[in-house]
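# Summary of the model geometry
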Amino acid sequence: MKILIADDDPQILRALRIILGAKGYRVITAANGAEAVSAAVDEQPDMFLLDLGMPQLDGIEVIQGIRGWSQAPILVVSGRTGAADKVQALDTGADDYIMKPFKPKELVARIRARLRRGEVLFHEGDSGDKLYIVLDGKVKLGRRSPDGRENLLAVLGPGEMFGELSLFDPGARTTTATAVAGTDLVGLGHAELTEFVSTRPEVAVKLLGSIARRLRRTNEALGDLVFTDVPGRVAK
């Protein structure tokens, strides 16, 4: 999931990049309203976190610009405490409003609440550099056939991982990952994972075991397609 954060406070940008990056979100930052609009057009984020008091274009103007072409969730993160500011932001098109200073857990919870059923985490063909672990909820993995039909490959729940192929073999995503319910994830990039498992060999063993089980299931499914007739596959 790609999140654009727009704030003129570099410390806020840095803190949110660290907090959300550790949760597996891909973070894009902008230091003013004009940069935010430009980044929104170029990056097509899945969600926006916007400050109101930004130079060049303020938060309200950015919301107006975004809502002209995007329905992605907008969460305002602002130091303005007045009810009028909140009402104006929500009336303009924001989906939620949280005031500074905020607690990181509350912010993550607000973001997670927007990861609803049917929301796509990444698409087949997207570039990928993170492995994801499901902490809560469910994620389905699927591929589109040439005629446009979706083929369901797996439904993953808490404790299961996905995205490891692009992590260890850099390239485009081979599936589309979609939230089946409200979902909480943690993401690890290649450098983070390498550092983590280098001092914890037991984690590397579990990771390899998970990949081996995924490969076994894939081989079994492929064998069914090749060697089992249609009534047999349906019965199974």
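Here, the structure is the one placed above.
As a starting point, this report considers the structure included with it. (Residues numbered from 1 in each chain as written. Predicted model: local features only at pLDDT ≥ 70, side-chain atom pairs only at ≥ 80, totals over all residues. Heavy atoms only, no water.)

## A word on the environment of Ala-94
The residue Ala-94 is located in the loop between helix H4 (83-92) and strand S5 (96-99) in this model. Taking relative accessible area as the criterion, Ala-94 reaches 8% and is therefore assigned buried. Put simply, Ala-94 and Val-76 are 18 residues apart on the chain and 6.7 Å apart in space, counted from C-alpha to C-alpha. Dropping the residues within four chain positions of it, Ala-94 is found in contact with Ile-63, Ile-74, Val-76 and Ala-89. (Helix = DSSP H or I, 4+ residues; strand = E, 2+ residues; numbered from the N terminus. Buried < 20%, exposed > 50% of the residue type's maximum accessible area, 1.4 Å probe, protein only. Contact = heavy atoms within 4.5 Å.)

## Section: the sheet that holds strand S8 (residues 139-144)
Read across the open sheet, the four strands follow the order S6-S11-S8-S9; overall the sheet is antiparallel. Edge strands, defined here as strands with exactly one partner in the open sheet, are strand S6 (120-122) and strand S9 (150-156). The average angle at which neighbouring strand axes cross in this sheet is 30°, direction not considered. Sheet topology places S8 next to S9; six bridges connect them, and they run antiparallel. Opposite Arg-144, over in S9, you have Glu-150 as the bridge partner. (Pairing = 2+ DSSP bridges. Axes fitted to C-alpha atoms, helices over the stretch in contact; angles between N-to-C directions.)

## Overview of the packing of helix H3 (residues 59-67) against H4
Two elements in contact, H3 and H4, have axes whose closest approach is 9 Å; the angle formed by their N-to-C orientations is 15°. The orientation of H3 relative to H4 falls into the category roughly parallel. Note on packing geometry: the crossing formed by H3 with H4 is right-handed. Each of Ile-60, Ile-63, Gln-64 and Arg-67 in H3 lies in contact with H4, whose residues at this interface are Gln-88, Ala-89 and Thr-92. (Parallel < 35°, antiparallel > 145°, perpendicular 65-115°, else oblique. Left-handed = near helix turned anticlockwise from the far one by under 90°.)

## As for the packing of aromatic side chains
Evaluation of the coordinates by the stated rule reveals three aromatic pairs. Ring centres of Phe-122 and Phe-162 lie 5.9 Å apart, and the angle between their planes is 40°; this geometry places the pair in the tilted category. Of the two residues, Phe-122 is situated in strand S6 and Phe-162 in strand S10 (residues 161-162); the sequence distance between them amounts to 40 residues. When its relative accessible area of 1% is taken as the criterion, Phe-162 is described as buried. Note on Tyr-132 and Phe-162: the rings are 5.4 Å apart at their centroids and 20° apart in plane angle, and the pair reads as stacked. In this pair, Tyr-132 sits in strand S7 (residues 130-136) while Phe-162 sits in strand S10, placing the two residues 30 residues apart along the sequence. For the residue pair Tyr-132 and Phe-162, the accessibility class agrees, reading buried in each case. (Phe/Tyr/Trp six-rings, centres within 6.5 Å; stacked < 30°, edge-to-face > 60°.)

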